[in-house]
Structures are given as structure tokens and as C-alpha cells.
Amino acid sequence: SSQLVQAIPNKVNGADTFPTWQVSPGVYGVDTLKQRQGQPVVSIWGAAAGQVIRIAAVERRNDDGLPATTNNRQDGAFALPGSMSQQYYLSTGTGTADRPEIFAPTFNVQGFQWVQIAGPAGEALPPGVKVHVDAVWEMRTNLPQTGTFTSSSALLNKIHEGTRVGVAVNHT
């Protein structure tokens with residue numbers, strides 16, 4: 001049966017393990033390093049009460065860090081909205097660096113690898129608003145691995161790993 005698997009933390013020994021970059025001023029991208037099924041857990045601080053924050057989880061992205069869209073496709077990336085899930089958080093304005101607000105949705109499961117955090121409609125967040133993906137809660141069947149595969153081809157090994165992960169995240 002499907003179950004909520006432990007949260008995959010973003011910090012190991014105090015250092016971020018999910019690469020994060022600024023797509024443009026006030027718009028942030030995070031790579032969770034593999035395809036996942038679940039939810040990103042986001043800390044927010046420095047936002048005013050009523051600030052809308054969009055958390056978009058996508059399966060594919062362009063090299064510029066933006067979600068792949070119908071008019072902005074690359075390498076067969078899926079067209080929006082089919083490969084993107086958007087959720088919105090309304091800040092209470094109470095988050096600080098020491099005690100941030102936490103966005104951790106529990107009613108939606110999505111497939112994704114990348115997370116983009118911005119203001120409404122993808123607009124820039126105001127200066128001073130800070131966001132951080134703390135973890136990913138994964139929802140999947142915890143299937144045990146029954147074998148291994150390796151070859152002398154790095155490309156074939158990468159294809160195998162992508163297929164293995166794809167099967168695992170789609171068994172919920």
C-alpha cells in the first residue's frame with residue numbers, strides 16, 4: 001500500500017544538498033536531484049502579512065531555470081500545465097530567520113524534480129523575502145530493490161537509473 005515515506009532532508013552536516021539558484025531577482029529554483037512524488041517543504045521569512053508565494057513543482061525545466069512551457073520548449077520538455085503543479089501560500093508575516101513560516105501541504109501529491117518559488121503568477125518576490133526548501137516529503141510504495149544493473153556505458157546506466165526511479169515514484 002502507499003505510505004508517506006520519511007522526509008528527505010535538504011541539509012546534511014549543515015550544508016544544503018539541493019542545489020538552489022536565483023532564476024531572476026525574487027524568483028528561486030531548487031533541484032531535488034531526482035524525480036520524486038510528494039511535496040516540497042518550504043521555509044519562508046521576511047514576507048509581509050498577505051504576501052502570496054507561488055510554489056511550482058515541475059518535472060522538466062529549461063536550461064535557464066524556468067519551467068518548460070508550450071512557447072518555451074526544450075529537449076521535449078512537457079508543456080504546461082501538464083507537467084507543473086502550482087500551490088499558493090499566503091504569508092502571515094510572522095516568519096523570521098530563527099522561526100520561519102513553514103509551507104508543508106498534505107492534501108496534494110505531485111511528481112517533480114525542480115521547484116520554482118516566486119510571487120503570484122511567477123512574479124518576483126519583494127526584496128527581503130527569503131525562501132528555502134527544507135525537505136521533500138515523498139509519497140510512494142516503499143518497494144524493496146530486488147536487483148542491480150550496471151554497464152560500461154554511462155548513458156545506459158543513467159537511463160536505467162531514471163527508469164528505476166520513474167517506476168518507484170509512480171507506484172503510489
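One can find the structure itself at the top, above this paragraph.
Residues numbered from 1 in each chain as written. Predicted model: local features only at pLDDT ≥ 70, side-chain atom pairs only at ≥ 80, totals over all residues. Heavy atoms only, no water.

### What to know about the pairing of strand β5 (residues 27–45)
Here's step 1: The buried fraction of β5 amounts to 15 of the 19 residues, a majority that puts the element mostly inside the structure.
Here's step 2: Across four bridges, strand β4 (residues 20–24) lies against β5 in antiparallel orientation. Within β5, the residue paired with Ser24 across the bridge is Val27.
Here's step 3: Joining the antiparallel neighbours β4 and β5 is a turn of two residues, in which Gly26 adopts a positive phi near 80 degrees.
Here's step 4: In this sheet, strand β9 (residues 110–118) lies alongside β5 in antiparallel orientation, the contact comprising seven bridges. In the sheet register, Asp31 faces β9, and the bridge partner there is Trp114. (Buried < 20%, exposed > 50% of the residue type's maximum accessible area, 1.4 Å probe, protein only. Helix = DSSP H or I, 4+ residues; strand = E, 2+ residues; numbered from the N terminus. Pairing = 2+ DSSP bridges.)

### Describing a nonpolar patch on the surface
Here's step 1: A cluster of nonpolar residues, Phe149, Leu155, Leu156 and Ile159, forms a patch on the protein surface that exposes about 380 Å² of accessible area.
Here's step 2: Assignment of secondary structure puts Ile159 in helix α1 (residues 154–169).
Here's step 3: The exposure class of Ile159 is partly exposed, given its relative accessible area of 48%. (Patch = residues over 30% accessible without salt bridge, like charges linked within 9 Å, V, L, I, M, F, W, Y side chains within 5 Å. Areas by Shrake-Rupley, 256 points an atom, 1.4 Å probe, with all protein chains shown as cover. Salt bridge = Lys/Arg side-chain N within 4 Å of Asp/Glu carboxyl O.)

### Regarding the side chain of Asp31
Here's step 1: Note that Asp31 resides in strand β5.
Here's step 2: Side chain to side chain, Asp31 and Trp114 meet in a polar contact 3.5 Å long.
Here's step 3: When sequence neighbours within four positions are dropped, the list of residues in contact with Asp31 reads Phe18, Pro19, Trp21, Gln113 and Trp114. (Polar contact = N/O pair within 3.5 Å; in protein donor to acceptor, adjacent residues only side chain to side chain. Contact = heavy atoms within 4.5 Å.)

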